[in-house]
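Overview (structure and organization)
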Amino acid sequence: MRTLKDVKSGDTVIVEKISCAGSLKRRIMDMGITKGTTILVRKLAPLGDPIELTVRGYELSLRKSDAENIIVK
Amino acid sequence: MNIKIALAGNPNCGKTTLYNAITGSTEYVGNRPGVTVEEKEAKLKWNKDVTVMDLPGIYSLSPYTSEEVVTREYIIDKTPDVILNIVDGSNIERNLYLTTQLIETGIPVVIGLNMIDVVKNNGDSVDTAKLEKKLNCPVVPISALKGIGLKEVCERAISTAKNKNISDIKIFSEIIYDYLRQIEDLIEDRKLMVSKKWLAVKLFENDNNILETLKLDSDKKSVLEKIIKSAEEKFDDDTESIITNERYKFIEKTVSETVKKNSKQKLNLSDKIDKIVTNRILALPIFAVIMWIVYYISVTSLGTIGTDWANDGVFGDGWRLLGIGGEEYEKASKVYETERIKIDAFIENARKNGIEIDALKEELKAEEPNSSIINNFIKNTKNITATAKIENDDGNTGKNINVDNDAFAAALEAKEPNPADYGVWIPGIPLLAETILDSFDASDWVKSLVLDGIIGGVGSVLGFVPQILILFFLLAILEDCGYMARIAFIMDRIFRKFGLSGKSFIPVLIGTGCGVPGIMASRTIENNNDRRLTIITTTFIPCSAKLPIIALIAGAMFSDESWVAPSAYFMGIGAIILSGIILKRLSVFKGDPAPFVMELPAYHFPAVKGLFIHMWDRGKAFIKKAGTIIFVACAVIWFLQTFDWSFNMVEAEESILADLGNILAPLFAPLGFGHWQASVATVTGLVAKENVVGTFGVLYGFDEVAENGAEIWGMLQTDFTVVSAYAFLAFNLLCAPCFAAIGAIRREMADYKWTAFAICYQTGLAYIVALLINLYGNAFLFSQSFIAPIIITALLIVLITFIFMCSNKKTAPKTA
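We now turn to the structure provided with this report. (Residues numbered from 1 in each chain as written. Chains lettered and ligands numbered in written order. Predicted model: local features only at pLDDT ≥ 70, side-chain atom pairs only at ≥ 80, totals over all residues. Heavy atoms only, no water.)

Regarding the nonpolar core
Residue and element names in this part refer to chain B. This is how it is decided: Buried Ala, Val, Leu, Ile, Met, Phe, Trp, Tyr and Cys residues that are joined via side-chain atoms within 4.5 Å together make up what is termed a nonpolar core. Note on classification: 1.4 Å probe, protein chains only; a residue is buried when its accessible area is under 20% of the maximum for its type, exposed when over 50%, partly exposed between these limits. Labels follow the DSSP assignment, with helices taken as runs of H or I lasting at least four residues and strands as runs of E lasting at least two, numbered in each case from the N terminus. Here a residue-residue contact requires only that any non-hydrogen atoms of the pair lie within 4.5 Å.
Counting 112 residues, the largest nonpolar core has Ile 487, Phe 696, Phe 720 and Phe 728 as the members making the most contacts within it. With 10 residues, helix α21 (residues 465-481) is the largest single contributor of residues to this core. Not counting the four nearest positions on each side in its chain, Ile 487 is found in contact with Phe 287, Met 291, Leu 478, Asp 492, Gly 502 and Ile 506. Core analysis: the next-biggest nonpolar cluster, separate from the first, contains 58 residues, Tyr 177, Ile 183, Ile 187 and Val 259 among them.

Right under this line is the structure:
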């Protein structure tokens with residue numbers, strides 16, 4: 001099982017499942033990360049965390065600890 | 001007919017720019033208690049019967065953030081006639097997500113498709129006619145920044161409101177609508193401000209706020225639970241996610257049919273900027289340079305000029321319009337100064353020659369000197385010559401001038417230049433007020449109240465206004481161009497460790513100049529807990545007004561050793577880190593575990609009008625505060641400092657404040673400075689921290705002392721030990737800040753309880769730190785007993801462990 005946290009920068013993945021619940025899940029989904037969404041991992045912040053993504057044509061940043069909840073393929 | 005338009009849209013969609021463009025001046029800015037979410041309302045520029053309400057920027061109508069809750073409440077309680085939904089055309093998918101929720105409310109919606117110029121520049125195109133059909137509501141392409149289509153979109157909004165055109169579109173699949181219809185049957189047919197469909201969706205999503213408002217009875221609740229359960233089993237997902245998924249599916253379909261993306265995926269300007277600005281190697285140096293520029297302009301250069309003008313000019317003697325005539329005045333002053341030195345040297349030499357000088361000195365001070373005494377003196381000193389040493393600008397002896405009797409007589413004729421004679425001189429407010437009071441023959445205490453108490457106190461606070469305005473202008477640029485989000489992105493990792501936000505760096509940095517703008521800079525932090533923590537800890541870093549205290553203690557007690565000043569900064573940083581780690585454990589700061597899911601908006605040039613509005617809105621709030629809470633606080637301190645118990649005007653050392661100092665003194669005794677002077681100085685530090693040194697001067701019997709209090713060093717050395725002096729320093733640096741900063745805390749917390757907590761925490765921490773310094777210092781340096789410090793340390797360790805254990809217990813079920 002691969003999560004968004006493990007994706008190398010520059011790679012594109014597809015969301016399979018979001019494993020957390022409550023407000024974090026809602027927030028992640030509100031921002032457009034839903035089942036089947038294509039995500040490009042653009043880069044890591046200079047200190048290694050958070051990560052920058054391209055989702056639905058815009059830039060989004062997520063902490064690695066939150067990205068761990070997004071299961072991808 | 002009055003029409004209410006509510007502006008809604010995602011953050012960074014250009015909503016505020018549009019609001020500023022279509023309205024005149026903002027008439028009402030409200031603040032919800034507990035959260036700093038502003039409500040703004042104004043009349044439409046072209047039609048005074050139309051009110052435009054600016055709602056906070058939100059991504060969704062979920063019940064999780066304060067902005068979203070405020071927007072929902074507004075829509076439900078006040079039902080606008082039409083919602084003008086601003087959609088960023090260059091980021092259409094995510095923006096339409098909110099649109100699908102707004103349409104559901106049953107309130108007419110008009111879409112302003114913003115940044116249409118950016119869309120065209122990217123080589124993309126949007127079929128607005130088709131989009132209009134798909135969403136069943138008017139879509140007007142606009143550019144808020146360039147002023148395209150603004151009037152048209154407002155007219156469409158007004159006509160839609162008049163015709164009550166409510167969009168009715170199918171967003172979800174048929175099976176979801178089956179569930180929703182079942183839920184709709186549960187909702188009573190009360191007169192509802194929003195559509196049943198929206199309420200049904202919210203109930204389906206398990207939205208507690210709506211569940212409470214609708215007050216369903218227990219039967220209906222169990223039916224609702226059954227419906228939700230069967231849906232969750234069918235979809236193998238929770239209902240909130242089902243709804244979100246369905247919305248995005250609908251949007252994907254709509255966008256694929258209406259938006260044509262340029263097939264050539266070239267890097268646009270924003271991507272190119274971002275490649276450099278958040279580059280792994282360059283990001284931190286670029287960040288450091290930008291922060292240095294902000295600090296340099298707002299605190300060091302331009303900000304200081306502004307603050308000096310306000311403090312020494314407007315609230316001082318006066319100032320020169322456009323600085324014209326300043327140089328001539330300087331020259332004239334110098335000439336006059338030289339003459340004064342000549343006079344002093346001559347008189348001193350006369351004294352050495354046994355000539356009586358006291359009578360002459362008296363006369364020279366008088367407003368209308370008695371010429372016969374002066375003439376007598378000149379006659380008696382015919383044969384005396386003196387040497388006047390004239391200093392250069394660098395303070396070294398420049399040249400010696402011989403002063404004989406004639407030169408002395410000539411020097412006496414010299415008149416002090418009046419600043420009002422050079423250029424256009426505008427007298428300061430204290431002088432104007434004094435003139436006015438004198439014309440009324442006001443009594444001494446009234447004059448003292450107005451001049452020393454009110455103008456002096458409030459003036460020292462308003463003196464910060466220029467600095468604050470400059471800072472807010474710069475912060476508005478950083479925010480509007482999109483860099484602020486990158487700061488959080490770059491710095492998050494470091495600050496998260498201490499329970500702060502990546503954006504906490506800015507308040508702390510600005511705080512080294514002045515805590516007031518520092519605290520106000522915390523505004524840019526969205527998360528309530530992070531913002532509160534930042535507000536509480538910002539003033540731990542020594543601000544420029546605390547530097548004289550450091551200089552006093554370092555000079556008097558530590559013979560200016562070089563470690564004292566840096567140690568003050570390390571103490572501040574240490575207090576911030578410690579507070580972050582400990583306070584984050586308290587349950588009040590655990591309220592909502594806010595995820596760091598943040599948009600990094602595309603870079604763009606900010607709208608100049610918006611920058612100024614931004615700056616003024618925030619500056620105005622500070623000025624208002626100075627007029628209320630700070631005004632009262634200054635008057636009270638003045639009163640205590642000026643009167644004794646039988647309400648006679650007395651010097652500070654016999655005042656009520658001195659007595660209170662005596663009462664407070666035992667409180668400070670454990671910290672090593674239990675004499676009343678130190679406690680009074682600490683209290684006056686609340687008006688402004690630079691008062692501490694001045695108060696010491698007054699209490700030790702000097703009218704005025706140098707900034708570092710060099711005159712009173714000897715007296716401090718008898719009253720303090722090295723240890724108690726450092727404890728005094730620590731307490732004054734960390735304890736409650738000045739009234740201006742307390743006012744800023746109150747303003748940013750928007751809540752009295754939180755303000756009280758902040759002040760108590762700061763003072764408590766200061767007390768503990770000073771206590772430990774005093775006890776351990778005495779134990780190590782003066783071989784006192786180690787028992788007391790060890791007991792107190794043990795108690796503290798128990799307390800902190802207790803806090804940690806409590807917080808771990810509370811989080812345990814969540815992680816399980």
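Points about the interface of chain B and chain A
Stated formally: Here the buried area means the combined drop in accessible surface, using a 1.4 Å probe, for two parts upon being joined, counting both sides. Salt bridge, as applied in this entry: a Lys or Arg side-chain nitrogen positioned within 4 Å of an Asp or Glu carboxyl oxygen. By the criterion applied in these results, polar contacts are pairs of N or O atoms within 3.5 Å in which, for protein atoms, one can donate a hydrogen and the other can accept it, and in which residues neighboring in sequence qualify only through two side-chain atoms. All residues other than Ala, Val, Leu, Ile, Met, Phe, Trp, Tyr, Cys, Pro, Asp, Glu, Lys and Arg, Gly among them, are scored as polar; the first ten of these are nonpolar and the last four charged.
Listed per partner, the contact involves 40 residues of chain B and 33 residues of chain A. At the boundary of chain B with chain A, total buried surface from both sides reaches about 3,500 Å², with 53% on carbon and sulfur atoms. Per-residue buried area on chain B facing chain A is highest for Arg 280, Phe 489 and Val 597 of chain B; these three make up 19% of the total on that side. At the surface where chain B touches chain A, the tally comes to 10 salt bridges. In this structure, Glu 240 of chain B engages Arg 26 of chain A in a salt bridge whose closest nitrogen and oxygen atoms are separated by 2.9 Å. Applying the counting criterion to the chain B and chain A interface returns 19 residue pairs in polar contact (both at pLDDT 80 or more). Contributing elements (two or more residues each) for the side of chain B that touches chain A: α3 (92-104), α11 (239-258), α12 (269-277), α13 (283-300), α22 (483-496) and β14 (597-599) of chain B. Residues that form the side of chain B that touches chain A fall into these classes: 14 nonpolar, 10 polar and 16 charged.

Regarding the packing of aromatic side chains
All names here are of chain B. Definition in use: The rule is short: rings of Phe, Tyr and Trp, with Trp giving its six-membered ring, pair when the centres are within 6.5 Å, and they are stacked under 30 degrees, edge-to-face over 60, tilted in between.
Following the criterion strictly, the structure yields 26 aromatic pairs over all chains and no others. Note on Phe 172 and Tyr 177: the rings are 5.7 Å apart at their centroids and 50° apart in plane angle, and the pair reads as tilted. Taking relative accessible area as the criterion, Tyr 177 reaches 5% and is therefore assigned buried. Ring plane angle 90° and centroid distance 5.0 Å describe the contact between Phe 673 and Phe 728, whose orientation is recorded as edge-to-face. Residue Phe 673 is found in the loop between α30 (656-668) and α31 (676-684), and its partner Phe 728 is found in helix α34 (residues 722-734); the two are separated by 55 residues along the sequence. Given the relative accessible area of 0%, Phe 728 is considered buried. Cluster of aromatic residues (ring-pair linked, three or more members): Phe 668, Phe 673, Phe 720, Phe 728, Phe 731 and Tyr 767.

Brief notes about the sheet that holds strand β2 (residues 12-18) of chain A
Put simply, the test is: The pairing criterion is simple: DSSP has to find at least two bridges between the two strands.
Spatial ordering of the open sheet is given by β1(A)-β6(A)-β2(A)-β3(A)-β4(A)-β5(A)-β14(B), a layout of seven strands whose pairing is antiparallel. Pairing within the sheet leaves two strands with one partner each, and these edge strands are β1 (2-3) of chain A together with β14 of chain B. Looking at chain direction, β1 of chain A and strand β6 (residues 70-72) of chain A are connected through two bridges and run antiparallel. Within β6 of chain A, the position partnered with Arg 2 of chain A by the bridge is Val 72 of chain A.

Things to note about the pattern of salt bridges
Following the criterion strictly, the structure yields 35 salt bridges over all chains and no others. When the shortest N-O distance is used, the salt bridge between Asp 237 of chain B and Lys 25 of chain A registers 3.3 Å. Pair noted here: Asp 237 of chain B is in the loop between α10 (218-235) and α11 and Lys 25 of chain A is in helix α1 (residues 22-30), and the two residues belong to different chains. Judged by relative accessible area, which is 22%, Asp 237 of chain B ranks as partly exposed. A residue is classified by how much of its surface remains accessible, and Lys 25 of chain A, at 9% relative accessible area, is buried. Close ionic contact of Arg 181 of chain B with Glu 174 of chain B constitutes a salt bridge, the shortest N to O distance being 3.1 Å. A single network of salt bridges, built from pairs that share partners, joins Arg 42, Lys 43, Glu 52 and Glu 59 of chain A together with Asp 271, Asp 274 and Arg 486 of chain B.

Let's talk about the packing of helix α16 (residues 358-365) of chain B against helix α17 (residues 371-380) of chain B
All names here are of chain B. Test applied: Axis lines are fitted through C-alpha atoms, for helices just across the contact stretch, and the angle between N-to-C directions can take any value from 0 to 180 degrees. With respect to orientation, any angle under 35 degrees is reported as roughly parallel, any angle over 145 as roughly antiparallel, any angle of 65 to 115 as roughly perpendicular, and every other angle as oblique. Crossing handedness follows the turn of the near helix against the far one: under a right angle anticlockwise gives a left-handed crossing, and clockwise gives a right-handed one.
Interaxial distance between α16 and α17 falls to 10 Å at its minimum, and their mutual angle equals 135°. With respect to each other, α16 and α17 are oriented oblique. By crossing handedness, the relation of α16 to α17 is classed as left-handed. Residues Ala 359, Leu 360, Glu 363 and Leu 364 of α16 lie in contact with α17, whose contacting residues are Ile 373, Ile 374 and Phe 377. Counted by class, the contact of α16 with α17 contains six nonpolar, no polar and one charged residues.

Structural notes on a nonpolar patch on the surface
For clarity, the threshold we go by: Patch membership is restricted to residues that have no salt bridge and whose relative accessible area is over 30%. Joining uses 9 Å for like charges and 5 Å for the nonpolar side chains Val, Leu, Ile, Met, Phe, Trp and Tyr. In this description, accessible areas are obtained by the Shrake-Rupley approach with a 1.4 Å probe, and a residue is regarded as covered only by the protein chains that are shown.
Together, Val 722, Phe 780, Leu 781, Phe 782, Phe 786 and Ile 790 of chain B give the surface a local cluster of nonpolar side chains, amounting to about 590 Å² of exposed area. Relative to the helices and strands, Phe 782 of chain B resides in the loop between α36 (752-781) and α37 (787-815).

Focus: the side chain of Asp 54 of chain B
Along the polypeptide, Asp 54 of chain B turns up in strand β4 (residues 50-54). Here the side chain of Asp 54 of chain B touches Lys 15 of chain B through a polar contact of 2.8 Å, side chain to side chain.

Here we look at the pairing of strand β4 (residues 51-55) of chain A
Residue and element names in this part refer to chain A. With five of its five residues buried, β4 lies for the most part within the structure. With burial as the criterion, each face of β4 is covered, one bearing Ile 51, Leu 53 and Val 55 and the other bearing Glu 52 and Thr 54. The pairing of strand β3 (residues 38-44) with β4 spans five bridges and is classified as antiparallel. Bridged to Lys 43 within β4 is Glu 52. If you look at the hairpin formed by β3 and β4, you'll find six residues sitting between the two strands, and Gly 48 has a positive phi there, around 95°. One ladder, built from five bridges, connects β4 with strand β5 (residues 58-62); its direction is antiparallel. Bridge assignment links Val 55 to a residue of β5, and that residue is Tyr 58. The turn joining β4 and β5, which pair antiparallel and follow one another in sequence, is formed by two residues; a positive phi near 45° is taken by Arg 56.

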